[in-house]
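# Structure at a glance
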Amino acid sequence: MLNKLSFKIGNLNIKTPIVQGGMGVRVSLSRLASAVANEGGIGVISSVGIGYDEPDFVTNSKEANLRVLRQEIRKAKENSDGIIGVNIMMALTDFDDQIRVSVEEEADIVFVGAGLLLKAPGNFTIDELKKSKTKVVPIVSSARAAKLIFNTWKKKYNYVPDAVVVEGPLAGGHLGFKVEQIEDEDFKLEKLIPEVVETIKSFEADFNKEIPVIAGGGVYTGADILKFINLGAKAVQMGTRFAATVECDASDEFKNAIINCREEDVTIIKSPVGLPGRAISNEFLKDVKSGKNKPFGCPWKCLKTCNFMKAPYCIADALTNAQKGMLDKGFVFAGANAFRVDSIMTVKELIDKLKEELQAAMEAFCIAHPQAAFCI
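So, a few notes on the structure that sits alongside this text.

Rules used in this analysis
- Residues numbered from 1 in each chain as written.
- Predicted model: local features only at pLDDT ≥ 70, side-chain atom pairs only at ≥ 80, totals over all residues.
- Heavy atoms only, no water.
- Buried < 20%, exposed > 50% of the residue type's maximum accessible area, 1.4 Å probe, protein only.
- Helix = DSSP H or I, 4+ residues; strand = E, 2+ residues; numbered from the N terminus.
- Contact = heavy atoms within 4.5 Å.
- Phe/Tyr/Trp six-rings, centres within 6.5 Å; stacked < 30°, edge-to-face > 60°.
- Lys NZ or Arg CZ within 6 Å of the ring centre and 35° of its normal.
- Core = buried A, V, L, I, M, F, W, Y, C linked by side-chain atoms within 4.5 Å.
- Axes fitted to C-alpha atoms, helices over the stretch in contact; angles between N-to-C directions.
- Parallel < 35°, antiparallel > 145°, perpendicular 65-115°, else oblique.
- Left-handed = near helix turned anticlockwise from the far one by under 90°.
- Salt bridge = Lys/Arg side-chain N within 4 Å of Asp/Glu carboxyl O.

Attention now goes to helix α1 (residues 30-38). When you tally the buried positions in α1, you get seven out of nine residues, the bulk of the element. Those residues of α1 that fall on the buried side of the exposure criterion are S30, L32, A33, S34, A35, V36 and A37. Elements in contact with the buried residues of α1: β3 (18-20), β4 (42-46), α2 (61-78), β5 (83-89), α8 (240-243) and α12 (347-368). Once α1 finishes, G40 follows within two positions and takes phi at roughly 95°, a positive value.

Dropping the structure here:
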């Protein structure tokens with residue numbers, strides 16, 4: 001029954017309807033991405049701060065990032081014949097360069113968030129993108145944003161992206177919502193997915209191709225996966241659960257922060273980049289909230305939206321320190337369900353568990369709805 005949930009992004013066949021979310025500042029690198037790809041899902045490398053460990057990062061930040069991004073894509077492809085993606089934030093000052101490296105290294109997909117993708121990225125012409133092996137997938141937080149992106153591409157290029165990810169307000173990390181929208185029922189992922197699916201239908205008809213919608217933010221169980229598939233999504237994106245895997249590229253201290261957190265520890269913070277974010281509260285964040293600044297120097301203005309002259313701390317430093325296990329000098333971004341994670345498992349164990357839950361949910365659903373497409 002599960003094989004009926006495989007889907008396509010362009011000419012890419014994805015066997016398992018799970019996209020591993022891109023987790024920045026060296027949390028999701030080639031080791032995690034290739035492990036997910038080997039289980040039939042889409043493994044994703046995050047490009048944010050990827051060169052932080054390079055000895056020349058302070059003096060040569062841009063080149064360090066691009067060098068390591070190239071290396072990580074190659075390693076992921078060497079270790080897997082599956083689908084490898086790269087998550088790249090539009091807010092990065094070297095966004096176009098990172099897109100170009102990803103296309104040159106033939107990443108299967110680039111997922112583009114933190115901004116409206118209103119032009120072909122990487123300073124490529126649309127014909128160059130069409131000829132490349134890399135599919136372009138924007139990340140949005142509303143049907144309105146999806147419509148604006150797809151309409152703009154249609155008018156400019158007579159072409160549209162190959163899929164779209166919808167991230168709801170329960171996701172970890174930076175959120176594409178105002179603080180007051182996070183708890184608003186009108187912005188729940190369950191409401192957003194049908195709206196985006198409906199919006200995309202006309203573009204599927206215009207271009208005679210399927211454009212999968214992928215649901216992300218707060219997806220935790222196999223039953224959750226089925227819920228969003230029944231709402232019209234073709235797959236889900238999951239980040240926090242993969243952060244607590246053996247193959248995740250973060251430190252054990254980082255992973256333990258997730259498995260040891262309580263529900264009340266998962267909180268919304270105001271990020272220095274001007275967006276709300278969801279993180280696990282700790283002494284570092286409590287100090288910041290109380291007004292204590294964490295002095296830092298900024299060797300490289302990594303994000304366009306960060307006013308480092310007024311920021312109370314460097315978000316890149318804080319997240320890097322957490323990735324390395326120095327939680328007294330940083331914090332962990334995590335989704336709303338982080339408190340439900342109680343153990344570290346391998347990627348295979350996690351995906352096998354999700355498949356078992358999904359299979360059970362499908363069987364129960366098909367008893368009540370025997371005419372559903374995947375039940376016949």
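All right, on to unusual backbone geometry then. Unusually for a residue other than glycine, V25 sits at a positive phi of about 55°. Among the structural elements, V25 can be located in the loop between β3 and α1.

A word on the packing of aromatic side chains. For the structure on display, the rule yields six aromatic pairs. Ring geometry for F150 and F203: centres 5.5 Å apart, planes at 50°, overall tilted. Of the two residues, F150 sits in helix α5 (residues 143-157) while F203 sits in helix α6 (residues 189-207), which places them 53 residues apart along the sequence. The residues F150 and F203 share a single accessibility class, namely buried. Within the aromatic cluster, the residues linked to one another by ring pairs are F284, F331 and F333. Note that R100 overlies the ring of F124, its terminal NZ or CZ placed 4.0 Å from the centroid. The ring of Y220 carries the charged tip of R241 above its face, separated from the ring centre by 4.0 Å.

With 116 residues, the main nonpolar core has W153, I193, F242, Y313 and F331 as its most contacted residues. Among residues more than four places away in sequence, those in contact with I193 are V166, V213, A215, F228, L231 and A233.

It is at 8 Å that the axes of α5 and α6 come closest, and there the two elements cross at 15°. Taken together, the axis directions place α5 and α6 in an arrangement best described as roughly parallel. Regarding α5 and α6, the two cross each other, and that crossing is left-handed. Two secondary-structure elements touch here, α5 through A143, A146, K147, F150, N151 and K154 and α6 through E195, V196, T199, I200, F203, D206 and F207.

On to the side chain of S47. Looking at where S47 falls in the secondary structure, it is placed in the loop between β4 and α2. Given a relative accessible area of 0%, S47 falls into the buried group. When sequence neighbours within four positions are dropped, the list of residues in contact with S47 reads L69, V86, N87, I88, L92 and Q98.

A separate point is the pattern of salt bridges. All chains considered together, the criterion is met by 22 salt bridges. Between K62 and D97 there is a salt bridge; the shortest N-O distance is 2.9 Å. Of this pair, K62 sits in helix α2 while D97 sits in helix α3 (residues 95-104); the two residues are 35 residues apart in sequence, bridging distant segments of the chain. The class of K62 is partly exposed, set by a relative accessible area of 34%. Across the salt bridge formed by D265 and R262, the nearest N and O atoms sit 3.0 Å from each other. Judged by its relative accessible area of 14%, D265 is buried.

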